[in-house]
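Now for the letters of each chain:
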Amino acid sequence: MKKIVITQRYEKIGKFEEYRDNVDSKLPLLVQKLGYIPILVPNNLENLNRFISEISPEGIILSGGGDPFKKDLRYYNEKKLIKISIDKNIPIIGICRGAQVLNIFFGGKLKRVSNHVRKHHKIFGPLVKNLKIKVNSFHDFGFFKETLGKDLKLLAYSSDNVVKSFCHKNYKLLGIMWHPERNKNVQKFDKNLIKRYFL
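Residues numbered from 1 in each chain as written. Predicted model: local features only at pLDDT ≥ 70, side-chain atom pairs only at ≥ 80, totals over all residues. Heavy atoms only, no water.

Enquirer: Mind showing me how you'd approach the state of the cysteines here?
Expert: Two cysteines whose sulfur atoms are joined by a covalent bond form what is called a disulfide. For the structure shown, the criterion picks out 0 disulfides. No disulfide involves Cys-96; its sulfur sits 18 Å from that of Cys-167, the nearest cysteine. Exposure remark for Cys-167: the relative accessible area of 10% places this residue in the buried category. (Disulfide = S-S within 2.5 Å. Buried < 20%, exposed > 50% of the residue type's maximum accessible area, 1.4 Å probe, protein only.)

Here is the structure:
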């Protein structure tokens, strides 16, 4: 089975100066349901490159949730993982915040958007073609075609032109601005999309 590494949030808990890694448990479960082995990446590793080399994952997921501008351990880990993905040709998928991080990495900009928290949007564009696909939405900040990073290609957008998915012109890199793990059942569209990038 292919191994997929997943990044985690880095959060201070309570009043005891305790920092914890955490991720929505539905995400590793989704990865497992798709036939992969999920491996969570600790944020305080001494040598992330060695960790990746020893595990030899076939894919990387930048998880959702949190502030993409907060310069904590997660922020620097994810920047390193994007570089590792490029250098070692490991497919990478950014989910919501993870997609925002990818866009910022390539020089893109974020902008506050309305009507994209706890909503569902029909999406359009080359990713869906003539399919009628609706995706969930849980983000306050988004981006548009003109604020995509360098060499990022628009794949899908909502009716108000907020980007919902993109890829890179040269690397096996995908950003999606929805949470497939938050659906009660794995959607066929999401399953096929993720598997296509982790082939």
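Moving on from the coordinates now.
Enquirer: Please clarify how the packing of aromatic side chains should be interpreted in this entry.
Expert: Taken as a whole and judged by the stated rule, the model has 7 aromatic pairs. Between Tyr-36 and Phe-198, the ring centres sit 5.8 Å apart and the planes meet at 85°, which makes this aromatic pair edge-to-face. With Tyr-36 in the loop between helix H1 (26–33) and strand E4 (37–40) and Phe-198 in the segment after helix H5 (188–197), the pair connects residues that are 162 residues apart, well separated along the chain. Among the residues examined, Tyr-36 registers a relative accessible area of 7% and is labelled buried. Positioned above the aromatic ring of Phe-138 is the side chain of Arg-182, whose terminal nitrogen or guanidinium carbon lies 4.5 Å from the ring centre. Residue placement shows Lys-195 over the ring face of Tyr-36; its charged tip is 5.1 Å from the ring centre. (Phe/Tyr/Trp six-rings, centres within 6.5 Å; stacked < 30°, edge-to-face > 60°. Helix = DSSP H or I, 4+ residues; strand = E, 2+ residues; numbered from the N terminus. Lys NZ or Arg CZ within 6 Å of the ring centre and 35° of its normal.)

Enquirer: Looking at this model, I keep getting lost on the side chain of Lys-164. Mind explaining?
Expert: Of note, Lys-164 is situated in strand E12 (residues 163–168). Among buried Asp, Glu, Lys and Arg side chains, Lys-164 stands out as unpaired, with Asp-160 the closest opposite charge at 6.9 Å. Among residues more than four places away in sequence, those in contact with Lys-164 are His-116, His-121, Ile-123, Ser-137, His-139, Ala-156, Tyr-157, Ser-158, Gly-175, Ile-176, Met-177 and Trp-178. (Lys, Arg positive; Asp, Glu negative; His and termini not counted. Salt bridge = Lys/Arg side-chain N within 4 Å of Asp/Glu carboxyl O. Contact = heavy atoms within 4.5 Å.)

Enquirer: What exactly am I supposed to notice about unusual backbone geometry here?
Expert: Trans is the prevailing form of peptide bonds, just as negative phi is the prevailing case for residues other than glycine. One non-glycine residue with positive phi stands out, namely Glu-17, at about 55°. You can see Glu-17 is positioned in the loop between strand E2 (9–13) and strand E3 (18–22). Phi angles above zero are rare outside glycine, and Arg-118 is one such case at about 55°. Tracing the sequence through the fold places Arg-118 in strand E8 (residues 117–123).

Enquirer: Can you walk me through the sheet that holds strand E5 (residues 59–62) in this structure?
Expert: Within a sheet, neighbouring strands are paired by backbone hydrogen bonds and run either parallel or antiparallel to one another. Strand order in the open sheet formed by 7 strands is E4-E1-E5-E6-E13-E12-E11, with mixed pairing between adjacent strands. Of all strands in the sheet, those bounded by a partner on one side alone are E4 and strand E11 (152–157). Between one strand and the next, the sheet's axes are offset by a mean angle of 20°, whatever the strand orientation. As paired elements, strand E1 (residues 3–6) and E4 share 4 bridges and run parallel to each other. Looking at E4, one finds that Ile-4 is bridged to Pro-38. (Pairing = 2+ DSSP bridges. Axes fitted to C-alpha atoms, helices over the stretch in contact; angles between N-to-C directions.)

Enquirer: How should I be thinking about the layout of surface pockets in this particular structure?
Expert: Over the atoms, a rolling probe the size of a water molecule traces out where space has been left empty. Here the largest pocket is characterised by a volume of approximately 250 Å³. Forming the boundary of the largest pocket are 17 residues, of which Gly-66, Gln-100, Phe-138, His-139 and Asp-140 lie nearest the centre. Residues belonging to the lining of the largest pocket are distributed by class as follows: 7 nonpolar, 5 polar and 5 charged. (1 Å grid on protein atoms, 1.4 Å probe; cavity = no way out; pocket = protein on both sides within 12 Å on 5 of 7 lines; lining within 4 Å. Points joined across faces, edges and corners; volume = space filled by probe spheres on them. Nonpolar A, V, L, I, M, F, W, Y, C, P; charged D, E, K, R; others polar.)

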